[in-house]
Amino acid sequence: MDNRDTKIALTAAAVSKMERKRAERDSDGGKQKQGSSMRLIFGIFPLLVIPVVLYNLLALTSGGPVETTNAAGQLVTSQVAPLAAMLAETAFSLPMISGVEWVLTRGDAIVLLAVTFLFLEILKSTSTGTATIINHGISLLLFIICLVQFLLMPNFATSTFFILMSMTLLDVLAGVIVTIVSARRDFGVGGDV
């Protein structure tokens, strides 16, 4: 009987210790709330803003239209975006086994970054919460801003920015379509749809 009482006391002590640990975790709600707010911001914030802002910083730091004089002494304005030369510069190069050198330009690097963020945005769009809907609205606003910049500003009339702008449009379209399909699937599981 004494052995049994000892086992019961040890079990009760272990259960009590587990309950205390659970209570401590529940009382540490501040850390969980902070994580929740960061998750909410990550859910609302469209990641494609990052490469667009990076491009904007490059565009704003480079000069305006390039004006030169031709052989006749007339003032000629460049027909190419001033930023195009900077985007064509080599970011880094890597010698290949085949003997050629693989070159990644600055513009290519920005597009590669944007492709990665587009992938993450499509993954984020599979949820059906309020944050996702806000994300789609902000993504649409980002596309409209990119479209206006592409049409009206000389440094934004480059292939790199056109691809970025197209990615923002794909983010909006894919996000809305994936969200609708996910919502229909959720309603289909829950009811008669």
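Predicted model only: the values in this text are computed from it and were never measured.

Cut-off values and rules
Residues numbered from 1 in each chain as written. Predicted model: local features only at pLDDT ≥ 70, side-chain atom pairs only at ≥ 80, totals over all residues. Heavy atoms only, no water. Helix = DSSP H or I, 4+ residues; strand = E, 2+ residues; numbered from the N terminus. Buried < 20%, exposed > 50% of the residue type's maximum accessible area, 1.4 Å probe, protein only. Contact = heavy atoms within 4.5 Å. Areas by Shrake-Rupley, 256 points an atom, 1.4 Å probe, with all protein chains shown as cover. Pairing = 2+ DSSP bridges. Core = buried A, V, L, I, M, F, W, Y, C linked by side-chain atoms within 4.5 Å. Phe/Tyr/Trp six-rings, centres within 6.5 Å; stacked < 30°, edge-to-face > 60°. Salt bridge = Lys/Arg side-chain N within 4 Å of Asp/Glu carboxyl O. Polar contact = N/O pair within 3.5 Å; in protein donor to acceptor, adjacent residues only side chain to side chain. Expected span 1.5 Å × (residues − 1).

### Notes on the overall build of the protein chain
When helices and strands are counted, the protein chain shows seven helices and four strands. Counting only residues that meet the buried cut, the protein chain has 26% of its 193 residues in that class. Considering only residue pairs separated by 6 or more positions, the protein chain has 62% of its internal contacts joining residues 24 or more positions apart. Carbon and sulfur atoms make up 68% of the accessible area of the protein chain, which amounts to about 13100 Å² in all.

### Examining the pairing of strand E4 (residues 101-105)
Bridge count for strand E3 (residues 90-95) against E4 is five bridges, and the pairing is antiparallel. Directly across from leucine 94, in E4, lies its bridge partner tryptophan 102. Where E3 hands over to E4, the hairpin turn is made up of five residues, of which glycine 99 adopts a positive phi near 105 degrees.

### Comments concerning the nonpolar core
The nonpolar side chains of a soluble globular protein tend to be buried, and buried together. Formed by 20 residues in total, the largest nonpolar core has its most connected members in Leu48, Tyr55, Leu142, Cys146, Phe161 and Leu164. Elements that contribute at least two residues to this core include exactly helix H3 (49-61), helix H4 (83-87), helix H5 (106-124), helix H6 (130-152) and helix H7 (159-190). Among residues more than four places away in sequence, those in contact with phenylalanine 161 are Tyr55, Cys146, Gln149, Phe150 and Phe156.

### Points about the packing of aromatic side chains
Here the structure, examined in full by the defined rule, presents five aromatic pairs. Where tyrosine 55 meets phenylalanine 156, the ring centres are 5.5 Å apart and the plane angle is 50 degrees; that geometry is what we call tilted. Residue tyrosine 55 is found in helix H3, and its partner phenylalanine 156 is found in the loop between H6 and H7; the two are separated by 101 residues along the sequence. Put simply, the rings of Tyr55, Phe156 and Phe161 touch in pairs and so form one group of aromatic residues.

### A short note on the pattern of salt bridges
Once the charged atoms of two side chains with opposite charge are near each other, the side chains can pair. A full pass over the atoms with the stated rule returns two salt bridges. With a closest N to O distance of 3.0 Å, glutamate 121 and lysine 124 form a salt bridge. In this pair, glutamate 121 and lysine 124 both sit in helix H5, three residues apart, roughly one turn of the helix. Of the two residues, glutamate 121 and lysine 124, neither departs from the other in class, the shared state being buried.

### A word on the environment of tyrosine 55
Overall, the relative accessible area of 0% leaves tyrosine 55 in the buried class. A polar side-chain atom of tyrosine 55 sits 2.6 Å from a polar atom in the side chain of threonine 158.

### Describing the side chain of lysine 124
Overall, lysine 124 belongs to the buried group, its relative accessible area being 14%. Of the polar contacts made by the side chain of lysine 124, one reaches the side chain of glutamate 121; its length is 3.0 Å. Aside from chain neighbours lying at most four places away, what touches lysine 124 is Phe42, Gly43, Phe45, Pro46, Leu47, Thr132 and Asn135.

### Considering the environment of leucine 142
Along the chain, leucine 142 turns up in helix H6. Judged by its relative accessible area of 10%, leucine 142 falls in the buried class. Considering only alpha carbons, one finds leucine 142 and valine 49, 93 residues apart in sequence, at a separation of 7.3 Å. Contacts of leucine 142, omitting those with residues within four sequence positions, involve Leu48, Val49, Val52 and Thr168.

### Regarding H6
Counted at 1.5 Å a residue, the expected span for H6 with its 23 residues is 33 Å, and the 33 Å between its end C-alpha atoms agrees. Within the span of H6, buried status applies to Ala131, Thr132, Asn135, His136, Ser139, Leu142, Phe143, Cys146 and Gln149.

### Some points on the side chain of threonine 158
In this structure, threonine 158 sits in the loop between H6 and H7. With a relative accessible area of 8%, threonine 158 lands in the buried category. A polar contact is formed between the side chain of threonine 158 and the backbone nitrogen of phenylalanine 161, at a distance of 3.2 Å. Setting aside chain neighbours within four positions, we find threonine 158 in contact with Tyr55, Ala81, Ala84, Leu87 and Phe150.

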